[in-house]
Amino acid sequence: MKYVQEYRDSTLVKNLKNKIEELTTQSWSIMEICGGQTHAIMKYNIEELLPESITLIHGPGCPVCVTPLEKIDKAINIASRKDVIFTTYGDMMRVPGSKDDLLTVKANGSDVRMVYSPLDAVKIAESNPNKKVVFFAVGFETTAPANAASVLEAKRRGLKNFSLLASHVLVPPAIEALLSDSTAKIDGFLAAGHVCTVMGYNEYQPLVEKYKTPIVVTGFEPVDIMQGIYMVVKQLEEGRADLENQYSRVVLKDGNLAAKNVTFSVYEVGDMTWRGIGVIPNSGYNISEKYSEFDAEKIFDIEDLKVEEPESCIAGLILQGKKKPIECGEFGINCTPEHPLGAPMVSTEGACAAYFHYK
Amino acid sequence: MITCPIPKNEYEKVLLAHGGGGKLTHQLIEKIFVSQFNNELLNEQNDSAVFNIENAKLAFTTDSYVVQPIFFPGGNIGELAVNGTVNDLAVAGAKPLYLSTGFIIEEGLPFEDLWKIVLSMKEAADKAGVKIVTGDTKVVERGKGDKVFINTSGIGAVYNNLYISPRNCKAGDLIILSGKIGDHGIAIMSAREGLEFETEILSDTAPLNGLVEAMINSSKNIKMMRDITRGGLSSSLNEIASSAGVGIEIEEDKIPINEQVIGACEILGLDPLYIANEGKLVAFVNPNDSEKVLNSMKNHEFGIDAEIIGEVVEDHPGRVVMKTSIGSKRIVDMISGEQLPRIC
């Protein structure tokens with residue numbers, strides 16, 4: 001298969017492994033931002049191939065994991081209403097809210113449907129004019145264009161029964177939050193290839209310069225990740241801090257202009273709460289005033305929800321790379337993929353679930 | 001009354017995920033059914049129960065089919081219902097003989113659809129050499145079923161007093177997979193979700209009794225077989241590793257998978273190891289006989305793509321470990337509930 005198997009080539013991986021070993025003279029901590037990368041690292045057990053002096057820290061780039069509890073509770077509140085068809089990507093179904101998850105809401109008789117694209121939710125809205133159809137628009141910059149496009153499409157079709165419950169987070173402000181936190185010791189970053197496919201990587205230049213920390217835009221296959229790590233280690237060993245692009249077969253410096261235009265026609269940047277981390281300024285997208293008729297939070301009257309995280313869940317520390325999942329007392333005991341206490345145990349991209357399945 | 005053994009801090013109601021073939025399904029079966037029906041035949045937890053009546057060693061099994069859509073690329077619910085039960089008998093080392101069938105039909109099902117289903121059941125039964133000898137029909141109100149559900153049960157005669165059981169598995173035994181995995185699950189998913197791929201992926205639904213007969217004729221040293229259905233290859237291997245108390249090691253590069261299935265899994269964020277099959281089996285074989293068995297499989301229409309994918313090991317009892325295509329090793333866990341597509 002073209003463009004997949006080539007990047008899982010054992011000889012190429014071995015060459016990179018040897019090169020990283022030759023290069024490394026001291027200990028380095030490298031954070032992969034994206035949950036997709038965390039998943040690949042676990043699935044191929046890439047840590048086994050690295051010298052002991054290199055530590056991979058798993059970053060906050062799992063959209064399921066960082067969606068605030070309050071949003072999950074709002075989703076459950078909306079999904080439980082009789083006049084609603086609630087649509088979502090599959091892995092949001094099992095994320096625990098403060099009481100239930102969407103799977104339980106579905107088992108209780110509500111109409112909760114898994115879709116593969118927000119445009120499918122638009123179609124559902126068109127064929128169910130007597131129902132309010134809500135799509136749970138979760139994700140990083142990557143999913144924003146398609147979600148925004150669904151709003152434009154709903155408007156074009158004149159639909160009055162379609163809306164988004166939006167919860168979008170952005171990578172660069174999260175990296176800045178981690179870099180400005182003196183207790184998080186991260187020497188270099190693998191930036192998320194897919195986010196940069198949409199957004200380009202100009203936004204990272206000021207971070208590299210301000211914090212003198214290497215950032216390498218990296219892909220998701222084993223060869224990509226090994227090469228990304230090699231490029232970061234090479235910079236660190238040479239005392240450089242540059243912005244480099246390993247994923248050049250996909251990522252352009254300015255990103256995908258058409259996708260960005262669609263995103264910014266519907267969304268605007270605003271403050272956002274990250275589950276387990278807290279509010280990060282200017283770190284998310286909100287639906288702009290112009291499209292507020294498609295904003296589920298404006299359409300549905302939801303009283304103030306009281307939200308409480310399970311006290312024993314250390315998701316916040318894990319998402320910031322300060323603790324490893326196995327350092328959590330609940331890991332594998334009271335918290336498993338079947339009965340997660342926190343979101344990182346739910347999605348295959350979550351650090352805890354990845355550890356549980358592959359370690 | 002005995003209190004429900006599913007702990008209160010877990011789900012209070014049955015979820016779809018309890019039917020996914022993974023850990024939640026196992027928990028349901030163990031805690032609710034096995035704990036109460038508890039007997040030595042059931043406790044074996046094989047695809048069929050095997051027992052002696054007079055001088056005959058028989059295998060007995062049952063399975064229900066609720067697939068949606070009822071017609072899918074490569075088959076329909078009817079032939080699936082026949083093949084599935086035939087296969088559960090075959091992998092117990094039995095020659096499938098007689099099937100029963102129960103229909104739960106939703107009011108409003110077009111007769112034309114029912115007729116198509118019945119014709120394909122007849123064809124599947126003829127192909128597998130079994131007779132459908134008894135049956136039952138119920139009709140439920142519109143909205144109380146999903147077009148049609150079919151149950152089949154089957155009886156077979158065990159070949160030459162064969163004893164197929166995970167208990168036979170020992171370190172050194174080789175594991176043979178009968179062909180490419182994931183076709184059925186992806187065919188259903190693409191029909192259900194309206195996903196279109198350049199080449200259509202067809203369900204692999206097939207009767208495996210002919211293949212099993214060829215294997216048994218080639219060697220007396222087949223220790224364990226299982227047809228890998230819901231939950232995929234990983235669930236079958238994990239079940240066997242845990243009931244046999246042995247470790248299993250497989251090699252990613254040896255596992256045959258259709259390129260279209262790999263592509264579909266990449267797009268959907270799924271892992272082919274967890275995708276359902278309806279015409280594939282794994283066999284655990286003494287290493288001395290593995291080539292003989294493999295050749296017998298490759299000469300059969302439903303085993304052309306058979307491969308030795310791994311072996312039983314002494315280390316890590318109860319666990320399945322895979323050597324990845326890049327040379328590292330990782331655990332292959334049993335799926336928890338349903339496989340949920342990722343966001344990005």
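As the structure is a computational prediction, the values presented were derived from the model and not from experiment.

Criteria and cut-off values
Residues numbered from 1 in each chain as written. Chains lettered and ligands numbered in written order. Predicted model: local features only at pLDDT ≥ 70, side-chain atom pairs only at ≥ 80, totals over all residues. Heavy atoms only, no water. Core = buried A, V, L, I, M, F, W, Y, C linked by side-chain atoms within 4.5 Å. Buried < 20%, exposed > 50% of the residue type's maximum accessible area, 1.4 Å probe, protein only. Helix = DSSP H or I, 4+ residues; strand = E, 2+ residues; numbered from the N terminus. Axes fitted to C-alpha atoms, helices over the stretch in contact; angles between N-to-C directions. Parallel < 35°, antiparallel > 145°, perpendicular 65-115°, else oblique. Left-handed = near helix turned anticlockwise from the far one by under 90°. Contact = heavy atoms within 4.5 Å. Nonpolar A, V, L, I, M, F, W, Y, C, P; charged D, E, K, R; others polar. Domains from an automatic or database assignment. Buried area = accessible area lost by both parts, 1.4 Å probe. Disulfide = S-S within 2.5 Å. Salt bridge = Lys/Arg side-chain N within 4 Å of Asp/Glu carboxyl O. Polar contact = N/O pair within 3.5 Å; in protein donor to acceptor, adjacent residues only side chain to side chain. Pairing = 2+ DSSP bridges. Phe/Tyr/Trp six-rings, centres within 6.5 Å; stacked < 30°, edge-to-face > 60°.

*Asks:* Looking at this structure, how should I read the nonpolar core?
*Replies:* Note on soluble globular proteins: their nonpolar side chains tend to be buried together. A:Phe86, A:Phe162 and A:Tyr204 are the most contacted members of the largest nonpolar core, which totals 91 residues. In terms of residues, this core owes the most to one element, strand 5 (residues 132-139) of chain A, which gives six residues. B:Ala94, B:Leu208, B:Ile228 and B:Val332 belong to the second largest nonpolar core, which has 54 residues in total.

*Asks:* Is there a simple way to explain the packing of helix 6 (residues 118-127) of chain A against helix 7 (residues 144-156) of chain A in this structure?
*Replies:* Packed helices, taken two at a time, are described by the angle their axes make and the gap between the axes. All names here are of chain A. Closest axis-to-axis distance for the helix 6/helix 7 pair is 8 Å, and the angle between their directions is 25°. Of the possible angle classes, the one that applies to helix 6 and helix 7 is roughly parallel. Remark: the crossing between helix 6 and helix 7 carries right-handed chirality. Contacts from Pro 118, Leu 119 and Val 122 of helix 6 reach helix 7 at Ala 146, Asn 147, Ala 149, Ser 150, Glu 153 and Ala 154. Residues that form the contact of helix 6 with helix 7 fall into these classes: six nonpolar, two polar and one charged.

*Asks:* Just checking my understanding: could you explain the packing of helix 1 (residues 10-23) of chain A against helix 11 (residues 222-237) of chain A for this structure?
*Replies:* Residue and element names in this part refer to chain A. Two elements in contact, helix 1 and helix 11, have axes separated by 9 Å at closest approach and are oriented at 15°. It follows that helix 1 is roughly parallel to helix 11 by the angle criterion. Classified by chirality, the crossing of helix 11 by helix 1 is left-handed. In this structure, helix 1 contributes Leu 12, Val 13, Leu 16, Lys 17, Lys 19, Ile 20 and Leu 23 to the contact, and helix 11 contributes Pro 222, Val 223, Met 226, Gln 227, Ile 229, Tyr 230, Val 233, Lys 234 and Glu 237.

*Asks:* Is there a simple way to think about the domain arrangement of chain B in this case?
*Replies:* Interfaces are frequently sized by the accessible area removed from exposure as the parts join. Residue and element names in this part refer to chain B. Domain boundaries assigned for chain B yield domain 1 (46-161) and domain 2 (166-331). Taking only C-alpha atoms into account, the centre of domain 1 sits 23 Å from that of domain 2. At the interface, 24 residues of domain 1 touch 27 residues of domain 2. Here domain 1 meets domain 2 over a buried area of about 2000 Å², counting both sides, of which 59% is carbon and sulfur. Among the residues of domain 1 in contact with domain 2, Pro 73, Asn 87 and Val 91 are the three that bury the most area, contributing 27% of the side total.

*Asks:* Help me out: how do you make sense of the state of the cysteines in this one?
*Replies:* By definition, a disulfide is the covalent link that joins the sulfur atoms of two cysteine residues. Residues and elements named next belong to chain A. As enumerated under the stated definition, the model contains one disulfide over all chains in all. Through a disulfide, Cys 62 is tied to Cys 65; the S-S separation comes to 2.4 Å. Handedness here is read from the sign of the S-S torsion; for Cys 62 and Cys 65, about 70°, the answer is right-handed. An identical accessibility class is assigned to Cys 62 and Cys 65; each is buried. The structure places no disulfide on Cys 352, whose sulfur is separated from the nearest cysteine sulfur, that of Cys 335, by 6.2 Å. When its relative accessible area of 10% is taken as the criterion, Cys 352 is described as buried.

*Asks:* How do you make sense of the interface of chain A and chain B when you look at a structure like this?
*Replies:* Chain A puts 43 residues into the contact, and the matching count from chain B is 34 residues. Carbon and sulfur atoms make up 60% of the area that chain A and chain B hide from each other, which totals about 3600 Å². Our count for the contact surface shared by chain A and chain B stands at one salt bridge. At the boundary of chain A and chain B, one finds seven residue pairs in polar contact (both at pLDDT 80 or more). Residue assignment for the side of chain A that touches chain B shows that the elements contributing at least two residues are helix 1, helix 2 (35-43), helix 3 (63-66), helix 5 (102-107) and helix 15 (351-358) of chain A. Residue composition of the side of chain A that touches chain B, by class: 21 nonpolar, eleven polar and eleven charged.

*Asks:* Mind showing me how you'd approach the sheet that holds strand 1 (residues 28-34) of chain A here?
*Replies:* Hydrogen bonds along the backbone pair up the strands of a sheet, which may run parallel or antiparallel. Residues and elements named next belong to chain A. Reading across from one edge, 2-1-7-8-9 is the order of the five strands in this open sheet, with parallel pairing throughout. Strand pairing shows two members of the sheet lacking a second neighbour, strand 2 (54-61) and strand 9 (243-245), which therefore form its edges. Adjacent strand axes in the sheet meet at a mean angle of 25° when their direction is disregarded. In terms of strand pairing, strand 7 (residues 188-192) meets strand 8 (residues 215-218) through four bridges, oriented parallel.

*Asks:* Looking at this model, I keep getting lost on the packing of aromatic side chains. Mind explaining?
*Replies:* Geometrically, a pair of aromatic rings is defined through the distance of the ring centres and the angle of the planes. Residue and element names in this part refer to chain A. Scanning all chains against the criterion turns up nine aromatic pairs over all chains. Look at Tyr 89 and Phe 135: their rings are 5.2 Å apart centre to centre, the planes differ by 90°, and that puts the pair in the edge-to-face class. Of the two residues, Tyr 89 is situated in the loop between strand 3 (84-88) and helix 5 and Phe 135 in strand 5; the sequence distance between them amounts to 46 residues. Taken together, a centroid distance of 5.9 Å and an interplanar angle of 65° make the contact between Phe 140 and Trp 274 edge-to-face. One end of the pair, Phe 140, is in the loop between strand 5 and helix 7; the other, Trp 274, is in strand 10 (residues 267-274), with 134 residues separating them in the sequence. Phe 140 gets classed as buried once you look at its relative accessible area, which sits at 5%. On the accessibility criterion, Trp 274 (1% relative accessible area) is buried.

*Asks:* What is the right way to read the side chain of B:Ser236 from this model?
*Replies:* Residues and elements named next belong to chain B. With respect to the helices, strands and loops of the structure, Ser 236 is situated in helix 7 (residues 232-244). Overall, Ser 236 belongs to the buried group, its relative accessible area being 4%. If we ignore the near neighbours within four places in the chain, the residues touching Ser 236 are Arg 226, Asp 227 and Ile 228.

*Asks:* Just to check I follow, could you spell out unusual backbone geometry for this structure?
*Replies:* Working note: non-glycine residues mostly have negative phi, and peptide bonds are mostly trans. All names here are of chain B. Note that the residue after Gln 68, namely Pro 69, is joined by a cis bond; omega there is 5°. Along the chain, Pro 69 falls in the loop between strand 2 (56-65) and strand 3 (71-72). Residue Lys 147 is not a glycine yet carries a positive backbone phi of 70°. Mapped onto the secondary structure, Lys 147 falls in the loop between strand 6 (131-140) and strand 7 (148-158). Judged by relative accessible area, which is 43%, Lys 147 ranks as partly exposed. Its identity is not glycine, yet His 316 carries a phi of approximately 30°, on the positive side. Here His 316 shows up in the loop between strand 12 (307-313) and strand 13 (320-323).

*Asks:* Looking at this model, I keep getting lost on the pattern of salt bridges. Mind explaining?
*Replies:* Pairing between side chains of opposite charge can happen when their charged atoms approach one another. A full pass over the atoms with the stated rule returns 38 salt bridges over all chains. Across the salt bridge formed by A:Arg240 and A:Glu238, the nearest N and O atoms sit 2.8 Å from each other. Residue classification places A:Glu238 among the partly exposed positions, given a relative accessible area of 44%. Linking B:Lys138 and B:Asp136 is a salt bridge whose minimum nitrogen-to-oxygen distance equals 3.0 Å.

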